[in-house]
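Spelled out, the chains give:
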Amino acid sequence: MMKLSINKSKAFLPLSMSKGTTEQRLQKARLLNLRFYDNLLDKFDNREVKPSVFKRVLKETSGTKPGVEIFDSKDSRKAFLTPILGSVRKIRGYALYLPLTIWDGNIRQSSTRLFLKETQRFFNEMCKPKFLTRNIAMFNKHYNVREAQEFYSKNIEGKQVLTAEKLDEFLKDKKADEKINTLQFLRYTLQGDKNVSQAQYGIDKHIEKAEHLQFPNKSYDLSEYQYDEKLNLLNQRLKEVIQIQRKK
């Protein structure tokens, strides 16, 4: 099976630009996303912007030269971010799938809240290299990344309730190294999702100011997602597995 590598200059910010604790890095990612929106505002023409302009502003805001491509998500309600795999089995940046207009293939200003959620994920990845690096490490070790993703979507993502019983059942037949990698994968994915949720308040306030509007009855209470409780459980299990390994 092929092994993957990462072109770090295309996928991550230089350490000099992103160093710090996890919270400091993710806070920087939130600030970069808001700056991107501010920089993009005057590029809209008739409430649309060309993907090439969108991509240029995204790169300029990052202060470096990341690999970025934009594709049509084919659905006005959907947008998502994926790594781009180059011809030499090396990740060379990210692909943003966004809803584009039918006739011109442009990005509508009305989709701002949708695309800023995904550009937030882009800056998360750029500022926190361990997110992508862990995914690639699991793939290269032939661990079941799809299974881990499915467990995350069914038991951790959004308002799902993660219990110790569910987590232990999922991990029970895995060897120690796979448990460590899987727990790290779940933890990093959750940290990224938490940062996207934390970013929403700032995003909405910027949009409200620029568009002279107000989102009605919008709640920013994240307690129902139980981010900290889930992270604490994942961190505890990770600590336990590492301690057992060190005693051997």
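In what follows, the accompanying structure is described. Remember, it's a predicted structure, so these values are computed and weren't measured experimentally. (Residues numbered from 1 in each chain as written. Predicted model: local features only at pLDDT ≥ 70, side-chain atom pairs only at ≥ 80, totals over all residues. Heavy atoms only, no water.)

A word on the side chain of D75. Mapped onto the elements, D75 comes out in the loop between β3 (68–72) and β4 (80–85). In this structure the side chain of D75 is engaged in a polar contact, spanning 2.8 Å, whose partner is the backbone nitrogen of R77. (Helix = DSSP H or I, 4+ residues; strand = E, 2+ residues; numbered from the N terminus. Polar contact = N/O pair within 3.5 Å; in protein donor to acceptor, adjacent residues only side chain to side chain.)

Should the charged atoms of two oppositely charged side chains come close, the side chains can pair. Enumeration over the complete set of coordinates arrives at 18 salt bridges. Sharing partners across several salt bridges, the network here consists of E118, R121 and D193. (Salt bridge = Lys/Arg side-chain N within 4 Å of Asp/Glu carboxyl O.)

Take helix α4 (residues 51–62) next. Across its 12 residues, α4 extends 17 Å between first and last C-alpha, which sits within 8% of the 16 Å expected from 1.5 Å per residue. Burial in α4 covers these residues: P51, V53, F54, V57, L58, T61 and S62. The first or second residue beyond α4 is G63, which carries a positive phi of 75 degrees. (Expected span 1.5 Å × (residues − 1). Buried < 20%, exposed > 50% of the residue type's maximum accessible area, 1.4 Å probe, protein only.)

This next bit is on the layout of surface pockets. Computed from the structure, the largest pocket encloses a volume of approximately 1,400 Å³. Forming the boundary of the largest pocket are 44 residues, of which E118, R121, E157, T189 and D193 lie nearest the centre. For the lining of the largest pocket, the elements supplying multiple residues, two or more each, are β4, β5 (90–98), α5 (112–127), α6 (130–140), α7 (145–155) and α9 (176–211). Taken as a whole, the second largest pocket encloses approximately 160 Å³ of empty space. In terms of lining residues, the second largest pocket is bounded by D168, L171, A176, K179, L183, R237, E240, V241, I244 and Q245. Residue contributions to the lining of the second largest pocket peak at 5 residues, all from helix α10 (residues 227–247). Across the lining of the second largest pocket, the residue classes break down as 5 nonpolar, 1 polar and 4 charged. (1 Å grid on protein atoms, 1.4 Å probe; cavity = no way out; pocket = protein on both sides within 12 Å on 5 of 7 lines; lining within 4 Å. Points joined across faces, edges and corners; volume = space filled by probe spheres on them. Nonpolar A, V, L, I, M, F, W, Y, C, P; charged D, E, K, R; others polar.)

This part takes up the packing of aromatic side chains. Scanning the entire structure with this criterion turns up 10 aromatic pairs. Among the aromatic residues, those joined into a ring-pair cluster are F36, F54 and F115. (Phe/Tyr/Trp six-rings, centres within 6.5 Å; stacked < 30°, edge-to-face > 60°.)

Attention now goes to the packing of helix α3 (residues 22–40) against α9. Running from amino to carboxyl end, α3 crosses α9 at an angle of 30 degrees, the nearest separation of the two axes being 10 Å. The angle between α3 and α9 places the two elements in the roughly parallel class. Every pair of crossing elements has a handedness; the one defined by α3 and α9 is right-handed. Facing T22, L26, A29, R30, N33, L34, Y37 and D38 of α3, the residues of α9 in contact are Q191, N195, Q198, A199, G202, I203, H206, I207, A210 and E211. When grouped by side-chain class, the residues that make up the contact of α3 with α9 number 8 nonpolar, 7 polar and 3 charged. (Axes fitted to C-alpha atoms, helices over the stretch in contact; angles between N-to-C directions. Parallel < 35°, antiparallel > 145°, perpendicular 65-115°, else oblique. Left-handed = near helix turned anticlockwise from the far one by under 90°. Contact = heavy atoms within 4.5 Å.)

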